Amino acid sequence: MTSKPFHDLSKAYRMELAHAYTTDLKVWDLPVRIMHWILAIAIGVCWWTGANHQLEYHFYSGYVILWTVLMRLYWGLVGSSTARFSNFVRGPKAIVNYASALHRRDTPPSHGHNALGAIAIIIMLGLVLTVVILGLFSVDVDGFYSGALSSYVTFEQGRHLAHLHQKWLDVLLWVIALHIAAVFFYFIYKQQNLVGPMLSGKRPGDGGEAEMKIAPLSRFAIGGVIAAALVWAVSNGFYF
Amino acid sequence: MSSSGFRIAVAAVCAGFSLWAMEAAAGPPEVAQVKSRQDKFRDMGGALKAIVDELRKQTVDWDNIVAPNAQTIKDRSGYLINWFPKGTGPEGGVKTHALPAIWQTNDDFVRLGKTAEAEAVKLNQAALGKDRNALRAQAEAMSKACKACHDSYRSPERDNDE
Ligand code: HEM
């Protein structure tokens, strides 16, 4: 086997892998999946209501996003193994290694976020938080529908923050576009379906791989109540 | 570069800068008109914001905050349709969010201006009435009157200014 074409090799390898995939492995727990789809929907709602100046619903949806991002950060510290930052944020070497194998079709699926995806996750969470915080201080042109914390800035400052709110949203939307493009890339080029696991929580694998460690839902509930209280306080501008 | 070439380059840069400075300092009267109306609009926006901010707090400062700001809005809204003489739209190259439609469907523009003026009178009454719920309801009605005009006659802020 001197000059066998590369794609043949990888095809054979993939078939081999497919045979080895005998069980379903849990990869995403329920909170991670729910938070992911809440973010996807609520960011869409905020985008649409913002662009069409329906600011009342824009704010409700913004609070949902704020709660979800806070919870995702919390779950990144104390959640199930695949949700934890300590498990998926890799160093530069691992990232370069992963990126240099990106063109290959025979790489096994990552358990949880891959090294590059992890970067996108961190950037997206940071940008969403930035956009939400800027929104909270934004002032609408007529001064009425303004962010819950806008009473702490002047009219002109609030207008300026509203512009930044839009500018950073643009950046966020580009990163989201890249994130979706990457999912397509995995589906078409690497023939790995990443959407299915984000819905069902499971991916095909073999019994030899490590299962994820699931954190108790009660822990999520406790954080959820605290985050809700915080969002409620923010929505009242901390005036009690 | 030869020394005369250098001198020409310096002169060209100086001339460029002074042209730019002149343009920035003294514009046609339309520029001043637009700047002045935008300032006044910002005062109105700031006044409505001050009232809304006050409504968020436990206690409303009726005399020092609500009443004077409601007065500002009422005074200004009585005049705002006069801030748009012909030639102060974007067609003259002036930096403005005023849309050409102001002069094309001027009757409608004036009607919206009058509606806002009427709402501002009611806002002033609510400010003097010192009833929190009534003030909140009227502040919202006021902002709807502002928004109704902005939706049709003010271009959204995107990719330009600030
Ligand atoms: C609690 C969270 C948020 C608050 C309080 C908030 C507040 C605001 C305010 C006051 C405006 C009006 C600014 C203006 O008139 O120029 C605005 C506009 C907008 N916001 Fe938000 N926002 C929040 C979250 C978000 C999020 C998460 C997104 C993105 C998905 C978003 C996207 C937009 C868009 C697209 C606009 C429209 C800008 C335009 O008029 O062109 N907002 N937001």
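Residues numbered from 1 in each chain as written. Chains lettered and ligands numbered in written order. Predicted model: local features only at pLDDT ≥ 70, side-chain atom pairs only at ≥ 80, totals over all residues. Heavy atoms only, no water.

### Focus on the overall build of chain B
Definition in use: The helix count covers DSSP runs of H or I at least four residues long, the strand count covers runs of E at least two residues long, and both are numbered beginning at the N terminus. For every residue, the accessible area (1.4 Å probe, protein chains only) is compared with the maximum for its type, and the residue is labelled buried under 20%, exposed over 50%, or partly exposed between those bounds. In this analysis, two residues are considered to be in contact whenever any of their non-hydrogen atoms come within 4.5 Å of each other.
A count of helices and strands for chain B gives 6 helices and 0 strands. The order of α-helices and β-strands along chain B, N terminus first, is α-α-α-α-α-α. Counting every position in chain B, which comprises 162 residues, the buried fraction comes to 33%. Sequence-distant contacts, at least 24 apart, represent 72% of the contacts inside chain B between residues at least 6 apart.

### Focus on the coordination of the iron atom of the ligand
Residues and elements named next belong to chain A. Convention followed: Here a donor is any nitrogen, oxygen or sulfur atom (N, O, S) within 2.8 Å of the metal, with 3.2 Å used for Na, K and Ca; water is not among the atoms considered, so some sites may look incomplete. Geometry assignment treats four donors as tetrahedral when all angles are between 85 and 135 degrees, treats four as square planar and six as octahedral when opposite donors are over 155 degrees apart and all others between 65 and 115, and treats everything else as irregular.
Every protein donor of the iron atom of the ligand is accounted for by His58 (NE2) and His165 (NE2), and the metal-donor separations fall at 2.0 Å. Because the angles between the 6 donor atoms bound to the iron atom of the ligand fall within 84 to 180 degrees, the donor set is best described as octahedral. On the criterion of sequence distance, the pair formed by His58 in helix 3 (residues 55-78) and His165 in helix 7 (residues 155-188) is long-range, its members being 107 residues apart. With respect to class, His58 is no different from His165; both count as buried.

### Digging into the interface of chain A and chain B
Keep this limit in mind: Here the quantity called buried area is the total loss of accessible area, with a 1.4 Å probe, experienced by two parts when brought into contact, counted for both. We define a salt bridge as a side-chain nitrogen of Lys or Arg found within 4 Å of a carboxyl oxygen belonging to Asp or Glu. For this analysis, a polar contact is any N or O atom pair within 3.5 Å, provided that within protein one partner can donate a hydrogen and the other can accept it, and provided that sequence-adjacent residues contribute only side-chain to side-chain pairs.
The partner chain B presents 21 residues to the 23 residues of chain A that form the contact. On the chain A side of the interface with chain B, the three residues burying the most area are Asp142(A), Phe144(A) and Phe155(A), jointly 30% of the side's total. The interface formed by chain A and chain B contains 1 salt bridge. In this structure, Glu156(A) engages Arg42(B) in a salt bridge whose closest nitrogen and oxygen atoms are separated by 3.2 Å. Where chain A touches chain B, the interface holds 7 residue pairs in polar contact (both at pLDDT 80 or more).

### A look at helix 2 (residues 30-51) of chain A
All names here are of chain A. Note the threshold: Between the first and last residue of a helix there are one fewer steps than residues, each counted as 1.5 Å, and that sum is the expected span.
Relative to the 32 Å expected for 22 residues at 1.5 Å per residue, helix 2 spans 32 Å between its end C-alpha atoms, a close match to the ideal helical length. For helix 2, the complete set of buried residues consists of Pro31, Val32, Arg33, Met35, Leu39, Ala42, Ile43, Cys46 and Thr49. Those residues of helix 2 hidden inside the fold are in contact with helix 3, helix 6 (115-137), helix 7, helix 8 (195-200) and helix 9 (217-235). Between the side-chain oxygen at the start of helix 2 and the backbone nitrogen of Val32 there is a gap of 3.0 Å, and the oxygen is on Asp29. The positive-phi residue at the C-terminal boundary of helix 2 is His53, with phi of around 55 degrees.

### Focus on the confidence of the model for chain A
The line we're drawing: What pLDDT reports is the predictor's confidence in each residue, on a scale of 0 through 100.
Counting all residues, the mean pLDDT for chain A is 88, and 89% of those residues have values of 70 or more. For the stretch residues 1-7 of chain A, pLDDT sits under 50, and the model shows 1 contact to residues farther than four places along the chain or on other chains.

### A few points about the environment of Asn236(A)
All names here are of chain A. Turning to its location among the elements, Asn236 is positioned in the segment after helix 9. With a relative accessible area of 29%, Asn236 lands in the partly exposed category. Residues Asn236 and Leu149 lie 87 residues apart in sequence; the distance between their C-alpha atoms is 8.1 Å. A distance of 3.0 Å separates the side chain of Asn236 from the backbone oxygen of Trp232, its partner in a polar contact.

### Observations concerning unusual backbone geometry
Residue and element names in this part refer to chain A. Positioned with a positive phi, His53 is a non-glycine residue whose angle comes to about 55 degrees. Topologically, His53 is positioned in the loop between helix 2 and helix 3. A positive phi angle is found at Phe238, which is not glycine, with a value near 60 degrees. Following the sequence through the fold, Phe238 ends up in the segment after helix 9. What makes Phe238 partly exposed here is its relative accessible area of 40%.

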